[in-house]
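Understanding the architecture of this molecule
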Amino acid sequence: YTIAAILLIDVSYSMNYSDLKPTRFEISKTMTRLLVNKMNTKDLIGFVSFAGQVYDTVFPTTNRTRVIEKIDNQTLHPSTAIGTALETAIEMLETYPPGGRAIVLFSDGKNNFGVDVAPAVDDAVAKEIPVFTVSVGTYGLGEADPLALREIASETGGEFYEVRNEEIERLASAVSQISNEVKAGALKAVYNKLIIAVKDYHTPTVIFSALLVAALLLTWFTGV
């Protein structure tokens, strides 16, 4: 079972702060590249960079080289429009099957431009698209607001992660956790749909559905 995931990376000026070495921006690019390479090769990975507006987009693809090239070529811009970026990512996932979609957002977390975040979050919830948020930056320093990112993840059914140590070994470990949980989050939506679909039927059908989900999880974790 494959998923379609959009990686959002904040390229606003505040990402140039060096509370994480060398900068929040470079740490985010490193983690995003690691995540692209960690995801199952059959999964579709898309990309969006944003500051006060959306700058670069790559629709979900198995072409990892194309995504990484976009990541490497990013530069910084003014303002931070998280709501606009989320809306863009949700629109890019419209044509993919419900229950197999996810968004991963790398940001220091403070929305200060563009549309409000709340409607975008509501849209993600309605379409069952979990948003996994990665906070890069020290709370209260240079626009960093991990609480806002935590709330986005909580409301959409994603997970929240906070980068406090830039050691590459720790980053790789965190990315491994993110990649597993992104897949599990998408599969959870599939599982919920299966259970709803069979709730009025006989027990063997429920057991079959549970076995199917177990098989999907096995496929992910073994890379088959």
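Residues numbered from 1 in each chain as written. Predicted model: local features only at pLDDT ≥ 70, side-chain atom pairs only at ≥ 80, totals over all residues. Heavy atoms only, no water.

1. With respect to the overall build of the protein chain
Across its full length, the protein chain carries seven helices and six strands. Of the regular secondary structure in the protein chain, the N- to C-terminal order runs β-α-β-β-α-α-β-α-β-α-β-α-α. Residue burial in the protein chain is summarised as follows: out of 224 residues, 48% are buried. Nonlocal contacts in the protein chain, meaning residues at least 24 apart in sequence, comprise 77% of its contacts between residues at least 6 apart. Per element, the accessible surface of the protein chain, about 10,300 Å² overall, is 55% carbon and sulfur. (Helix = DSSP H or I, 4+ residues; strand = E, 2+ residues; numbered from the N terminus. Buried < 20%, exposed > 50% of the residue type's maximum accessible area, 1.4 Å probe, protein only. Contact = heavy atoms within 4.5 Å. Areas by Shrake-Rupley, 256 points an atom, 1.4 Å probe, with all protein chains shown as cover.)

2. Observations concerning the packing of helix α4 (residues 117-126) against helix α5 (residues 146-156)
Running from N to C, α4 and α5 cross one another at 30°; their axes reach a closest spacing of 9 Å. As the angle between them shows, α4 and α5 are arranged roughly parallel. Of the two elements, α4 crosses α5, and the hand of that crossing is right-handed. For the pair α4 and α5, contact is made by Val-117, Val-121, Ala-124 and Val-125 and by Ile-152, Glu-155 and Thr-156, respectively. Grouping the amino acids of the contact of α4 with α5 by side-chain chemistry returns five nonpolar, one polar and one charged. (Axes fitted to C-alpha atoms, helices over the stretch in contact; angles between N-to-C directions. Parallel < 35°, antiparallel > 145°, perpendicular 65-115°, else oblique. Left-handed = near helix turned anticlockwise from the far one by under 90°. Nonpolar A, V, L, I, M, F, W, Y, C, P; charged D, E, K, R; others polar.)

3. Points about the sheet that holds strand β2 (residues 44-50)
Spatially, the six strands line up as an open sheet ordered β3-β2-β1-β4-β5-β6, and their pairing is mixed. Strands with a single pairing partner mark the edges of an open sheet, and in this sheet they are β3 (54-61) and β6 (160-163). Within this sheet the neighbouring strands show an average axis-to-axis angle of 15°, counted without direction. Alignment of strand β5 (residues 131-136) against β6, held across four bridges, turns out to be parallel. Bridge pairing links Val-136 to Val-163 in β6. In the packing of helix α1 (residues 24-38) onto the sheet, contacts are made with β1 (4-10), β2, β4 (101-107), β5 and β6, and the angle to β1 comes to roughly 170°. The sheet strands contacting α5 are β4, β5 and β6, and the helix crosses β5 at an angle near 165°. (Pairing = 2+ DSSP bridges.)

4. Considering the pairing of β4
Among the seven residues that make up β4, seven are buried, leaving the element largely enclosed by the rest of the structure. Where burial is concerned, the two faces of β4 agree: the one with Arg-101, Ile-103, Leu-105 and Ser-107 and the one with Ala-102, Val-104 and Phe-106 are both buried. As judged from the six bridges shared by β1 and β4, these two strands associate in the parallel manner. Bridge pairing in β4 links Ala-5 to Ala-102. For β4 and β5, the ladder comprises five bridges, and the chain directions are parallel.

5. Focus on the pattern of salt bridges
This model, assessed by the stated rule, comprises seven salt bridges. Arg-24 is the partner of Asp-108 in a salt bridge, and the nearest nitrogen-oxygen pair spans 3.0 Å. On the criterion of sequence distance, the pair formed by Asp-108 in the loop between β4 and α4 and Arg-24 in helix α1 is long-range, its members being 84 residues apart. Overall, the relative accessible area of 0% leaves Asp-108 in the buried class. (Salt bridge = Lys/Arg side-chain N within 4 Å of Asp/Glu carboxyl O.)

6. Here's the deal with the packing of α1 against helix α2 (residues 64-72)
In contact at an axis separation of 10 Å, α1 and α2 are set at 175° when each is read in the N-to-C sense. What the angle tells us is that α1 and α2 run roughly antiparallel. Within the contact between the two elements, α1 uses Lys-29, Thr-32, Arg-33, Val-36 and Asn-37 and α2 uses Arg-64, Val-67, Ile-68, Ile-71 and Asp-72. A class-by-class count of the residues in the contact of α1 with α2 yields four nonpolar, two polar and four charged.

7. Here's the deal with the nonpolar core
Within the largest apolar cluster, 31 residues are counted, with the highest numbers of intra-cluster contacts made by Val-104, Val-134, Ile-178 and Val-182. Elements with a contribution of two residues or more to this core: β1, α1, β2, α2, β4, β5, β6 and α6 (168-198). Ignoring sequence-local partners within four residues, the contact set of Val-182 consists of Ile-3, Met-39, Ala-102, Val-104 and Phe-132. (Core = buried A, V, L, I, M, F, W, Y, C linked by side-chain atoms within 4.5 Å.)

8. Describing the confidence of the model for the protein chain
Looking at the protein chain, the pLDDT average stands at 81 and 77% of residues meet or exceed 70. pLDDT under 50 marks residues 193-224. Its contacts with residues more than four places away, or in other chains, come to 28 contacts. (pLDDT = per-residue confidence, 0-100.)

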